[in-house]
Amino acid sequence: MSAIDNSSTNERLHYCPRCRKPLRRIQGKMGPFWGCSGFPDCRTSLNDVDGKPSIDVDEHYRCPLCTRQLVKADKEKGDYWFCSGYSKGCKVTLADHDGVPEAAYQCQKCHHLLVKRSGKNGVFWGCSDYPNCTASYNDDNNRPKF
Ligand SMILES: [Zn+2]
Ligand SMILES: [Zn+2]
Ligand SMILES: [Zn+2]
């Protein structure tokens, strides 16, 4: 048995995604969060979601195509989000803007995502399935005009 205080909840232990040591639930000034018991060698901290550590999955952000959760990529890989349905065939990735996935819009013809492009006549939105789908939409304040 370990000496980790687990008395407040009877839940199984959660482990640090980086060093695999147990995580501790800590009451911080801004509310509860999870810190690694390997601190200060490991400075992992995770948000608390319903009493469990959230492993970089934010409940608020959903894939615009399949509505599965979006997952933020590892820092080393760059600032972007990908669909948690990736292994199921949904290859949506979205750029990160200050911790928020960029807004994405679906093509009205084929339901692929649209990408913002700049052409001779200014900015427009084209289908990411181009050239299979040649739909394009005018830009209206940073969003496609349908
Ligand atoms: Zn750790
Ligand atoms: Zn998806
Ligand atoms: Zn399309």
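The structure we're discussing is the one just above.
Everything numeric here is computed off the predicted structure, so don't read it as measured data.

A.B. asks: Could you give an account of the pairing of strand β1 (residues 23-28), with specific residues and numbers?
C.D. replies: Where β1 meets strand β2 (residues 31-36), 6 bridges bridge the pair, whose relative direction is antiparallel. Bridging from a neighbouring strand, Q27 pairs with P32 of β2. The antiparallel pairing of β1 with β2 creates a hairpin that spans 2 residues between the two strands.

A.B. asks: Tell me about the sheet that holds strand β11 (residues 122-127), and name the residues and values.
C.D. replies: With antiparallel pairing, the 3 strands of this open sheet are ordered in space as β10-β11-β12. Only two strands of the sheet have a single neighbouring strand rather than two, namely β10 (114-119) and β12 (136-138). With direction set aside, neighbouring strand axes in the sheet form an average angle of 35°. Two elements, β11 and β12, share 3 bridges in a ladder whose sense is antiparallel. Note on β12: the bridge partner recorded for G126 is S136.

So, how was this worked out
Residues numbered from 1 in each chain as written. Chains lettered and ligands numbered in written order. Predicted model: local features only at pLDDT ≥ 70, side-chain atom pairs only at ≥ 80, totals over all residues. Heavy atoms only, no water. Pairing = 2+ DSSP bridges. Helix = DSSP H or I, 4+ residues; strand = E, 2+ residues; numbered from the N terminus. Axes fitted to C-alpha atoms, helices over the stretch in contact; angles between N-to-C directions.

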